[in-house]
Amino acid sequence: MKILHTADWHIGKKLDNYSRLEEQRLVLAEICQIAENENVDAIVVAGDLFDNFNPSSEATELLYSTLHRLSANGSRAVIAIAGNHDSPERIQVPDALAKVCGIIFVGFPNTEISQFCTQAKVDILRTAKGFIEIELPNANFPLRILHTPYANEQRLKTFLGVEDSEQALRIHLQQHWQELADQYLDDAGFNLLMTHLFVMQKGGPMPEEPEEERPILHIGGAQAIYTENFPNKIHYVALGHLHRYQVVDKKPAPIIYSSSPLAYSFSEANQTKYVVLIEAEAGKLVSYRPIELTKGKKLRRKSFNDIDKAIEWLGEHSEDLIELTIISDNYLEASDKKRLNEAHPGIIQIIPQIKKSELSTANAEIDLSLSMEKLFQEYFKTKNKGQEPSEGLMEVFREVLGTEEEG
């Protein structure tokens, strides 16, 4: 049996105001091509299908068309769970139509999927809250999946009966997963757990999170889920939420973030993105292999203290998306910013950074008999480590000063 693990598609996400939808079309088509080339039997998408609760019609169409292609007209199982960026209600809306193609949407914790069988013989054999067992057309043993979408505090109380306390989610999930494992898992099938949570080794280093994901470090008010909370009968844990490929632990089984398909913030600049191909037999994981994704633009961030050198570098990376830091003695002139933007259409952000000076005028006496212009220059120097204001800034100050004098 072959299973493809992917996550964090974030369809519809922009980089500032720059649309990534066309890149997403390309990379999702690449994922479909990998599934076809590898002749996979099932695909798991571990959350954050969309980037927000109200995706555009274009984003919605791209999700459905991609999952339909992955399903190969009902001959492959596709299981997709909600992440923290998804509306669970919206994720489960197309459920009845999706099942015809062997696509299973799981929006809420403790969802129980009804049994069905596609014309191509993807057959749901057994179900329970948080569990499905699937018979696949080309495998002689079943795929068992424990599925846990993201849950905020309200959903924890409503769907899991968990009160808001520091360890409540961790304790509940460990007990819930263990009960399902004891009842349904053995070595006659392949046992996979998929979830969209922040997972780490107890006492280990904190995994790196994307900038925009950091506010949900503690999911639902509870601490991170530990790898020791997963049951021993699991053969592979497919994670979503963190955007960098990483093997969090290998006990009780490989516990893996597959990565997002594109770099979605400059904190992910220069990261290689992957899907993970799992090969399984009854009762054991044979292998897992990250497969590099090549479509989409690279994100690059670079610092310069010379505008001409920055422009030269921009010419060498004309197809990339850029975050540029310009280090100078004074504030970045409008003319220099214009030159940079004209040199590259993919500059997302230009960050001016003033050089630090060893000079300090914080304790200097200021002569109040000086002109307004000179007083402003002295004030600016006290606030900026002795740096002189740029001529452009002084021109703006003179305009403001002139306006006030006219009034």
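Residues numbered from 1 in each chain as written. Predicted model: local features only at pLDDT ≥ 70, side-chain atom pairs only at ≥ 80, totals over all residues. Heavy atoms only, no water.

Where an unreviewed UniProt entry is consulted, the protein appears under the name Nuclease SbcCD subunit D, with the organism given as Dyadobacter fanqingshengii. You can read under Sequence similarities (unreviewed entry) in the UniProt record for the protein the words "Belongs to the SbcD family." The UniProt entry for the protein carries this comment under Subunit (unreviewed entry): "Heterodimer of SbcC and SbcD." (UniProt positions renumbered as here; feature names shortened; annotations may be inferred.)

Caption draft 1: Quick peek at helix H2 (residues 57-71). In a regular helix each residue adds 1.5 Å, so 15 residues correspond to 21 Å; H2 covers 21 Å between its end C-alpha atoms and thus fits that length. Taken together, the buried positions of H2 are occupied by Ala59, Thr60, Leu62, Leu63, Thr66, Leu67, Leu70 and Ser71. Along the long axis of H2, the arc covered by the buried residues comes to 160°, so they all point the same way. On its buried side, H2 packs onto helix H1 (21-37), strand S4 (42-46), strand S5 (77-81) and strand S6 (103-106). (Helix = DSSP H or I, 4+ residues; strand = E, 2+ residues; numbered from the N terminus. Expected span 1.5 Å × (residues − 1). Buried < 20%, exposed > 50% of the residue type's maximum accessible area, 1.4 Å probe, protein only. Arc of directions from axis to C-beta. Contact = heavy atoms within 4.5 Å.)

Caption draft 2: Representation of the packing of aromatic side chains. All chains considered together, the criterion is met by eight aromatic pairs. Arranged with centres 6.4 Å apart and planes meeting at 70°, the rings of tyrosine 64 and phenylalanine 105 form a pair that is edge-to-face. With tyrosine 64 in helix H2 and phenylalanine 105 in strand S6, this residue pair connects regions lying 41 residues apart in the sequence. Owing to a relative accessible area of 32%, tyrosine 64 belongs among the partly exposed residues under this scheme. With a centroid separation of 4.3 Å and 15° between ring planes, the pair formed by phenylalanine 131 and tyrosine 184 is classed as stacked. Of this pair, phenylalanine 131 sits in strand S8 (residues 131-135) while tyrosine 184 sits in helix H6 (residues 168-184), placing them 53 residues apart in sequence. According to the relative accessible area criterion, phenylalanine 131 is buried, its value standing at 0%. One Lys or Arg, arginine 170, reaches over the ring of tyrosine 226 and ends 4.1 Å from the middle of that ring. (Phe/Tyr/Trp six-rings, centres within 6.5 Å; stacked < 30°, edge-to-face > 60°. Lys NZ or Arg CZ within 6 Å of the ring centre and 35° of its normal.)

Caption draft 3: Up close: the packing of H1 against H2. For the pair H1 and H2, interaxial distance at closest approach is 10 Å and the crossing angle is 10°. Taken together, H1 and H2 sit at an angle that is classed as roughly parallel. Between H1 and H2, the contacting residues are Leu21, Gln24, Arg25, Leu28, Ala29, Ile31, Cys32, Gln33, Ala35 and Glu36 on the first element and Glu58, Ala59, Leu62, Thr66, Arg69 and Leu70 on the second. When grouped by side-chain class, the residues that make up the contact of H1 with H2 number nine nonpolar, three polar and four charged. (Axes fitted to C-alpha atoms, helices over the stretch in contact; angles between N-to-C directions. Parallel < 35°, antiparallel > 145°, perpendicular 65-115°, else oblique. Nonpolar A, V, L, I, M, F, W, Y, C, P; charged D, E, K, R; others polar.)

Caption draft 4: Structural detail: the nonpolar core. Leu4, Trp9, Ile11, Ile31, Leu67, Leu70 and Phe105 are the most contacted members of the largest nonpolar core, which has 34 residues in total. Looking at this core, the element that brings in the most residues is H1, giving seven residues. Discounting chain neighbours no more than four positions away, the residues touching isoleucine 31 are Leu4, Thr6, Trp9, Leu70, Pro261, Val275 and Leu293. Listed in part, the 30 residues of the second largest apolar core include Ile81, Phe141, Leu143 and Ile278. (Core = buried A, V, L, I, M, F, W, Y, C linked by side-chain atoms within 4.5 Å.)

Caption draft 5: Spotlight on the pattern of salt bridges. According to the stated counting rule, one finds 18 salt bridges in the structure shown. With its nearest N and O atoms 3.9 Å apart, the salt bridge here joins lysine 13 to aspartate 51. Note that lysine 13 is positioned in the loop between strand S1 (2-6) and strand S2 (14-15) and aspartate 51 in the loop between S4 and H2, a separation of 38 residues in sequence. With respect to burial, lysine 13 and aspartate 51 carry one shared label: buried. (Salt bridge = Lys/Arg side-chain N within 4 Å of Asp/Glu carboxyl O.)

Caption draft 6: The arrangement of the sheet that holds strand S7 (residues 123-128) in detail. Taken together, seven strands build an open sheet; the order of strands is S7-S8-S9-S10-S13-S15-S14 and the sheet is mixed. Single-partner strands in this sheet number two, and they are S7 and strand S14 (246-249). Strand-to-strand, the axes of this sheet are offset by a mean angle of 25°, without reference to chain direction. Where strand S10 (residues 190-196) and strand S13 (residues 236-240) come together, five bridges link them in parallel fashion. Residue methionine 194 lies in a different strand from S13, and its bridge partner there is alanine 238. (Pairing = 2+ DSSP bridges.)

Caption draft 7: Quick look at helix H7 (residues 307-316). Within H7, burial applies to Ile307, Ala310, Trp313 and Leu314. The buried residues of H7 all sit within an arc of 120° when viewed along its axis, so they share a single face. For H7, the exposed residues set more than 90 degrees away from the buried face come down to Lys309, Glu312, Gly315 and Glu316. Tucked inside the fold, the buried residues of H7 contact strand S18 (299-304), strand S19 (321-328), helix H8 (334-343) and strand S20 (347-354).

Caption draft 8: Representation of the packing of H7 against H8 in the model. The contact between H7 and H8 brings their axes to 9 Å, and the two run at 15°. As the angle between them shows, H7 and H8 are arranged roughly parallel. For the element pair H7 and H8, the recorded crossing hand is right-handed. Counting all contacts with H7, which are made through Ile307, Asp308, Ala310, Ile311 and Leu314, the residues of H8 involved are Asp336, Arg339, Leu340 and Ala343. A breakdown of the residues in the contact of H7 with H8 according to their chemical character gives six nonpolar, no polar and three charged. (Left-handed = near helix turned anticlockwise from the far one by under 90°.)

Caption draft 9: View of the environment of alanine 282. Topologically, alanine 282 is positioned in the loop between strand S16 (273-281) and strand S17 (284-293). The partly exposed category is assigned to alanine 282, whose relative accessible area is 36%. A C-alpha to C-alpha distance of 5.4 Å links alanine 282 and alanine 188, two positions 94 residues apart in sequence. Not counting the four nearest positions on each side in its chain, alanine 282 is found in contact with Phe141, Asp187, Ala188 and Gly189.

Caption draft 10: Spotlight on the pairing of S16. Note that S1 and S16 share four bridges and pair antiparallel. Counted as the bridge partner of isoleucine 3 is isoleucine 278 from S16. Linking two consecutive strands that pair antiparallel, namely S16 and S17, is a turn of two residues; a positive phi of about 85° is found at glycine 283 within it.

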